[in-house]
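# Analysis of the macromolecular model
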Amino acid sequence: MGEQPEKRVTWAELFFDLIFVFAITQVSALLRADHSLEGIGRALVVFIPVYWVWVATSLHSNRQDIENPLDRLGVFSVGLCALFMGLALPQAYGDRGILFGGAYWVSRLVIQALVLRWQYGWLNGFGVAAAVTGPMLLLGGFLDGTARIALWAGAALVDTAVPLVLRRRLAAAQVRFEPSHLPERFGLLVIVALGESIVAIGAPATESHGLGVAELTAVSGAFVLAAGLWWVYFAFAASAMRFAVATSARQVDTVREVLSYAHIGLIGGVIAVAVGMHDAVAHPGHHLPAGVAGLLFGGTALYLGMFGYTRWRMFRLVSTTRIGTAAAVLAVLPLGLHLPALASLWLLAGLLTGLNALEWARARRS
């Protein structure tokens, strides 16, 4: 028998991803409105349910051929729920909490109904979300203030912890994933997040009364920074993740840790950078406020640092170049508070360009 053809991302999945472009934009808007530590925490609490809905749908699409009317309708139904979640996000802590929690619960019930066709039982991430965290989010929508935040944060922790807590059970089930499809799916999610950074660059520039040298210099620096983030992921890391999933003796562990868990930090880092870019491009000659500088520099460091985790998890190797650059980014953060915003953008762009040039030169030598 010949080799089975690689599973590729379907048109239905690409259409599904468009909803998450909108959802990530709304999470970024929450973060722009409040970049305090409390604001970051609140944005993270609502980002995590959105993220796990996307992950669950992608895992189902990997295990099942969704090129049929039933699965397409199921995926589109989840997409509609995700759209409702995105609509609720600006007022998720206000009068749209019920909409956010209800849409999440319905999406997890739909996913569980689809998944039951290939994975029986409820003691897994899909089932726990449908039976436990979905009701928690809906109930939280009826509460106010701290009570809502606490219940939603608890639900986010449960959703995130379940794959780790049940790792032995999942390994024993010997579920296998198609190795080319899932890394491609997560790579596309990174592209979706990077798309938000492009919007963050363009939106304030188009709203500016004049596009002078300072504005165009800031736009150029922000774009080089965004391109540097793309290069860090897609030049080497994306193919390494695909190789790790394909060759791992414990594939479920690799999918969980390298894809599902690591990409929370990767996507979160890109969103933070995008919010910082927005303010920097909007006020290129001004110093960055501490909160904005923290998002811009801290998001870049988080993004780079996550590759240290993935490289160690995949190959038990230390990514000295990326960890070192993440440390350098944090080291120059105090400097960024005293530079004009456009200089901060170019400082980060220069560090990313140097990192990518160094890795390219090492790859050529080896």
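Residues numbered from 1 in each chain as written. Predicted model: local features only at pLDDT ≥ 70, side-chain atom pairs only at ≥ 80, totals over all residues. Heavy atoms only, no water.

Another aspect to go through is the pattern of salt bridges. In this structure the tally under the stated criterion is 13 salt bridges. Note that Arg 185 is salt-bridged to Glu 13, the shortest N-O span being 3.1 Å. With Arg 185 in helix α8 (residues 181-207) and Glu 13 in helix α1 (residues 11-33), the pair connects residues that are 172 residues apart, well separated along the chain. Overall, the relative accessible area of 2% leaves Glu 13 in the buried class. A salt bridge links Arg 322 to Glu 359, with the nearest nitrogen and oxygen atoms 2.9 Å apart. With Arg 322 in helix α12 (residues 320-331) and Glu 359 in helix α14 (residues 341-365), this pair connects stretches of sequence that are 37 residues apart. Comparing Arg 322 with Glu 359, the two get one shared label, buried. (Salt bridge = Lys/Arg side-chain N within 4 Å of Asp/Glu carboxyl O. Helix = DSSP H or I, 4+ residues; strand = E, 2+ residues; numbered from the N terminus. Buried < 20%, exposed > 50% of the residue type's maximum accessible area, 1.4 Å probe, protein only.)

Along helix α5 (residues 125-141), the sharpest change in direction is near 35° and occurs at Thr 133; proline Pro 135 comes one to four residues later. Within α5, the full set of buried residues consists of Phe 126, Gly 127, Val 128, Ala 129, Ala 130, Thr 133, Gly 134, Met 136, Leu 137, Gly 140 and Gly 141. For α5, the elements touching its buried residues are α2 (37-63), α4 (97-115) and α6 (145-165). Where α5 begins, one side-chain oxygen reaches toward the backbone nitrogen of Phe 126, 3.1 Å away; that side chain belongs to Asn 124. (Bend = angle between axes of the 7 residues up to and from the residue. Contact = heavy atoms within 4.5 Å. Polar contact = N/O pair within 3.5 Å; in protein donor to acceptor, adjacent residues only side chain to side chain.)

This paragraph deals with the side chain of Asp 279. If you trace the backbone, Asp 279 turns up in helix α10 (residues 251-282). Of the side chains bearing the opposite charge, Arg 32 lies closest to the buried Asp 279, which forms no salt bridge; the N-O distance is 5.7 Å. Once residues within four sequence positions are removed from consideration, Asp 279 is found in contact with Arg 32, His 35 and Val 292. (Lys, Arg positive; Asp, Glu negative; His and termini not counted.)

This part takes up the packing of aromatic side chains. This structure, assessed with the given rule, holds 14 aromatic pairs. Look at Tyr 233 and Phe 234: their rings are 4.6 Å apart centre to centre, the planes differ by 55°, and that puts the pair in the tilted class. Among the residues examined, Tyr 233 registers a relative accessible area of 0% and is labelled buried. The partly exposed category is assigned to Phe 234, whose relative accessible area is 24%. (Phe/Tyr/Trp six-rings, centres within 6.5 Å; stacked < 30°, edge-to-face > 60°.)

Take a nonpolar patch on the surface next. On the surface, a cluster of nonpolar side chains totalling about 380 Å² of accessible area is made up of Leu 80, Leu 83, Phe 84, Leu 87 and Leu 99. Broken down by element, the nonpolar patch gets its largest block of residues, four residues, from helix α3 (residues 69-88). Looking at the secondary structure, you find Leu 80 in helix α3. Exposure remark for Leu 80: the relative accessible area of 42% places this residue in the partly exposed category. (Patch = residues over 30% accessible without salt bridge, like charges linked within 9 Å, V, L, I, M, F, W, Y side chains within 5 Å. Areas by Shrake-Rupley, 256 points an atom, 1.4 Å probe, with all protein chains shown as cover.)

Further remarks concern the confidence of the model for the chain. Considering every residue of the chain, the mean pLDDT works out to 93; 96% of them sit at 70 or more. Here helix α7 (residues 167-172) stands out as the element of the chain with the lowest mean pLDDT, 66, in contrast to α12, whose mean of 97 is the highest. (pLDDT = per-residue confidence, 0-100.)

In this model, Arg 316 sits at a positive phi of 55°, which is unusual for a non-glycine residue. For Arg 316, the position within the fold is in the loop between α11 (290-315) and α12.

Moving on to the environment of Leu 18. Among the secondary structure elements, Leu 18 is positioned in helix α1. Through-space distance from the C-alpha of Leu 18 to that of Leu 83 is 9.5 Å; in sequence the pair is 65 residues apart.

Another aspect to go through is α10. Taking 1.5 Å per residue, 32 residues should reach 46 Å; α10 reaches 45 Å between its end C-alpha atoms and fits that length. Here α10 lies mainly inside the structure; 30 of its 32 residues are buried. (Expected span 1.5 Å × (residues − 1).)

Let us look at the packing of helix α9 (residues 213-247) against α11. Interhelical geometry of α9 versus α11 gives an angle of 15° and a closest axis separation of 11 Å. In terms of their interaxial angle, α9 and α11 are classed as roughly parallel. For the crossing formed where α9 meets α11, the hand is left-handed. For the pair α9 and α11, the contacting residues are Leu 225, Leu 229, Val 232, Tyr 233, Ala 237, Ala 240, Met 241, Phe 243 and Ala 244 in the first and Leu 296, Tyr 303, Leu 304, Phe 307, Thr 310, Met 314 and Phe 315 in the second. Residue composition of the contact of α9 with α11, by class: 15 nonpolar, one polar and no charged. (Axes fitted to C-alpha atoms, helices over the stretch in contact; angles between N-to-C directions. Parallel < 35°, antiparallel > 145°, perpendicular 65-115°, else oblique. Left-handed = near helix turned anticlockwise from the far one by under 90°. Nonpolar A, V, L, I, M, F, W, Y, C, P; charged D, E, K, R; others polar.)

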